[in-house]
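So you can see what is in the structure, the chains are spelled out below.
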Amino acid sequence: MEYDLIIKNGFIIDGTGNPGFYGDIAVKGDRIVRVATKIEGEAERIIDAKKMMVSPGFIDPHVHWETTILNDNSFDVFLKQGVTSVICGNCGHSITPLDSSNIYEYYYKNGLITKEAQERYNREQPKWSNFSQYCDRAREKGLNINMGLLLGHGTIRWTAMGGSKDRPPTEEEEKEILRYIEEGMEQGALGISTGLSYIPSRYADTEEIIKCAKVVAKYDGVYATHARYYIGILESTLEAIEIGEKSGARVQVSHLSSTSPESFDAVLEARKRGLEIAIDTIPRSTGHCTRKDRLIQFIMSISSELFDKGVEGVKEALKTPDGRKLILQDAYIFGNDMDKVFVINTGNKEIERKSIAQIAKDRGYSDPKELILDMLEDDNDNYTFWLGGPSRADFPIGPHPKNIQDNPLVMVGTDIIFGEPWDPGSWYELQRRGGFPIFMNMYREGGVRVEEIVRRNTSFAAQQFRLRDRGLLKEGMKADIAVIDLDKYSYPLPEEIDYSNPLVCAEGVEYVLVNGKLALDGGRVLNTFSGEILLNNK
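The text that follows walks through the structure, step by step, so that each part is easy to find.

**What about the side chain of H62?**
Tracing the sequence through the fold places H62 in the loop between strand 6 (58-60) and helix 1 (76-79). The exposure class of H62 is buried, given its relative accessible area of 0%. Within the structure, the side chain of H62 is placed 3.4 Å from the side chain of H64, a separation counted as a polar contact. Of note is the side chain of H62, whose polar atom sits 3.5 Å from the side chain of S254. Discounting residues that sit within four places of it in the chain, H62 has contacts with I87, N90, C91, S254, H255, D280, G413, T414 and D415.

**Considering the packing of helix 2 (residues 100-109) against helix 3 (residues 115-124)**
Contact pair helix 2 / helix 3: the axes reach a minimum separation of 9 Å and the direction vectors enclose 170 degrees. Taken together, the axes of helix 2 and helix 3 lie roughly antiparallel to each other. Across the interface between the two elements, S101, Y104, E105 and Y108 of helix 2 pack against K115, Q118, Y121 and N122 of helix 3. Grouping the amino acids of the contact of helix 2 with helix 3 by side-chain chemistry returns three nonpolar, three polar and two charged.

**Notes on the sheet that holds strand 8 (residues 146-149)**
One open sheet holds the four strands; their spatial order is 6-7-8-24, and the pairing between them is parallel. For this open sheet the edge positions go to strand 6 and strand 24 (533-534), each flanked by a neighbour on one side alone. Examined bridge by bridge, strand 6 and strand 7 (residues 83-88) share three bridges and lie parallel to one another. Counterpart to I59 in the pairing with strand 7 is S85. Helix 4 (residues 131-141) contacts strand 8 and strand 24 of the sheet and is inclined by roughly 165 degrees relative to strand 8.

**Considering unusual backbone geometry**
Cis geometry marks the peptide bond from T96 to P97, where omega comes out at 15 degrees. The linkage connecting I199 with the following residue, P200, adopts the cis geometry, with an omega of 5 degrees. Its identity as a non-glycine residue notwithstanding, F75 has a phi of 55 degrees, on the positive side. Relative to the helices and strands, F75 resides in the loop between strand 6 and helix 1. We note that R466 has phi near 55 degrees; this positive angle belongs to a residue other than glycine.

**Here we look at the packing of helix 8 (residues 233-247) against helix 9 (residues 261-273)**
Axis separation between helix 8 and helix 9 bottoms out at 9 Å; the angle between their running directions is 15 degrees. One way to sum up the angle between helix 8 and helix 9 is to call them roughly parallel. Helix 9 is crossed by helix 8, and the crossing has right-handed handedness. Contacts from I233, L234, T237, L238, I241 and E245 in helix 8 reach E262, S263, A266, V267, A270 and R273 in helix 9.

**Notes on the state of the cysteines**
On inspection of all chains with the given rule, the structure shows zero disulfides. C91 forms no disulfide, and the closest cysteine sulfur to it belongs to C88, at a distance of 11 Å. As a non-bridged cysteine, C212 has C91 as the owner of its nearest cysteine sulfur, 16 Å distant.

**Remarks on the pattern of salt bridges**
Taken as a whole, this structure holds 47 salt bridges when the rule is applied. In this structure, E316 and K319 form a salt bridge, with 3.3 Å as the shortest nitrogen-oxygen distance. Owing to a relative accessible area of 46%, E316 belongs among the partly exposed residues under this scheme. Classification of K319 by relative accessible area gives exposed; the value is 53%. Of the charged contacts in the structure, one is a salt bridge between K354 and D362, with a shortest N-O distance of 3.4 Å. According to the relative accessible area criterion, K354 is partly exposed, its value standing at 30%.

**Overview of helix 14 (residues 368-377)**
In an α-helix, one turn spans 3.6 residues, which is why side chains three or four residues apart end up on the same side. Every buried residue of helix 14 is accounted for by K369, L371, I372, L373, M375 and L376. The inward-facing, buried residues of helix 14 abut helix 10 (292-302), helix 12 (321-330), strand 15 (341-344), helix 13 (356-363) and strand 17 (384-387).

**Description of the sheet that holds strand 12 (residues 250-253)**
The sheet built from six strands is open, its strands ordered 9-10-11-12-13-18 with parallel pairing. One side of each edge strand has no neighbouring strand; the edge strands of this open sheet are strand 9 (151-152) and strand 18 (410-412). Where strand 9 lies against strand 10 (residues 191-195), two bridges are found, and the strand directions are parallel. The partner of L151 across the bridge, within strand 10, is I192.

**Overview of the environment of D166**
Following the sequence through the fold, D166 ends up in the loop between helix 5 (153-160) and helix 6 (171-186). Looking at D166, the relative accessible area reads 61%, which means it is exposed. Remark: the alpha-carbon pair of D166 and S304, spanning 138 residues in sequence, is separated by 8.8 Å.

**Some remarks on the pairing of strand 13 (residues 277-281)**
Burial within strand 13 is extensive, with five of its five residues counted as buried. A two-sided burial pattern is seen for strand 13, the buried positions comprising I277, I279 and T281 on one face and A278 and D280 on the other. In terms of strand pairing, strand 12 meets strand 13 through three bridges, oriented parallel. The residue of strand 13 that forms the bridge with V253 is I279. Each parallel crossover has a hand, and for strand 12 linked through helix 9 to strand 13 it is right-handed.

**Regarding the environment of Y489**
With respect to the helices and strands, Y489 occurs in the loop between strand 20 (481-484) and strand 21 (509-514). When the C-alpha atoms of Y489 and P437 are compared, they prove to be 5.8 Å apart, with 52 residues separating the residues in sequence. Those residues in contact with Y489 that sit more than four places away from it in its chain are F58, Q81, F436, P437, M440, N441, I484, E507, G508 and V509. There is a polar contact of 2.6 Å between the side chain of Y489 and the backbone oxygen of Q81.

Parameters and conventions
- Residues numbered from 1 in each chain as written.
- Predicted model: local features only at pLDDT ≥ 70, side-chain atom pairs only at ≥ 80, totals over all residues.
- Heavy atoms only, no water.
- Helix = DSSP H or I, 4+ residues; strand = E, 2+ residues; numbered from the N terminus.
- Buried < 20%, exposed > 50% of the residue type's maximum accessible area, 1.4 Å probe, protein only.
- Polar contact = N/O pair within 3.5 Å; in protein donor to acceptor, adjacent residues only side chain to side chain.
- Contact = heavy atoms within 4.5 Å.
- Axes fitted to C-alpha atoms, helices over the stretch in contact; angles between N-to-C directions.
- Parallel < 35°, antiparallel > 145°, perpendicular 65-115°, else oblique.
- Nonpolar A, V, L, I, M, F, W, Y, C, P; charged D, E, K, R; others polar.
- Pairing = 2+ DSSP bridges.
- Left-handed = near helix turned anticlockwise from the far one by under 90°.
- Disulfide = S-S within 2.5 Å.
- Salt bridge = Lys/Arg side-chain N within 4 Å of Asp/Glu carboxyl O.
- Right-handed = clockwise from strand over helix to strand, strands pointing away.

Right, here's the structure in full:
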């Protein structure tokens, strides 16, 4: 056969931002070999894309799937949005340094996996001891889409300093931190991430991060940051810009809140000054749905005092007035408005989907937060706390301000919540699994051209992470392609969705090719496992 596959009659939006056109695309092996108005020739498979958009596969720069793939490598939630590549290792959390048992310990202490998952992974999963070995293990598992990886400053600092230390590193510890970064970049990491609102990265000052980013810059890597939002969104964005300008590294500002339009303007101004910088944002988000056992674990992970005492330390603290005071001191996770914290999945009609404020009033509590603490202490495990409710304050439902929609540096970063594959109801969220269709529809309604929306989430994202042969529908490029019915491309609103179902997926994507192989066929996920690990080849 002349071609393996031809996509015919589609409205081709090639990722450049240029106007779309009707035409055909031919694929042979893992490459696009021809793009033309009409392609004649034989192929093993012909897809009729009439009345559908054909675009490069979308690239999601903010994902936390690095442990999820050990048990679920289908990436169905991404394929059903038209995503063909993800960047993992965000918010300071990564799969190196040292061996896999060290990583599982860190992920458990930071609330990212459960104790059960830690023990299960150590017992059942193949081991790794560096970045390259993790990549080998991922390839052996098989990936349904492509995955690039960042190093995590939090994991590296925690390892080099022997725990979460609220102090600067010693000279020797600093050398160890920088050595781990150098090693990871040598082995193909795309850059480094920080979680400057989280333990332990939040203990690092700006100068410490600049030194780390300078190592990444040597390899043309990216500095991606969950910024130090507790000092203010604009202030933390300006710190990210300072780190980029002083280190020479490209900057990716992660999940920047649409409630701070001035921060988006500051990034655009920095770009005009010459800093290579971009933004990803969560188009809209509900609060996290966090089951009781996971919430106790998160309290441990965000508390300076309880971090090293484990879940049992939190349970003991719940039993005393001083312990409860300690929990409330650090537990920003509860939020301040108890009208926006709901209890769900209880099996109890008297309290199901009621707010903590309402239940506290019904039961005669003067302080609703005392009710949360009592519920965490009691013997009933059938509580899921919907922290923030149907519309999260920092990623609200409404359309983004016009200056954000018009900002050419803004792309989607879904930051999908990742409960264990075998227990998704322990921790989930109800809008991020549809981040790309939500962004597409919101920005189209705001007057942004479809071609521009596609550019930001394909070729621009590829440029930012130096994915040199992806992001464009062009001859010779990797055949990562999405075929989407834009009229059906959608995701339900919070009031439309079943809040007890953590696994809702987007609609409207008909076909997805990953490296030339069909991974989504007629809306059905195939376990083709044609994805690749995306490495920094500098």
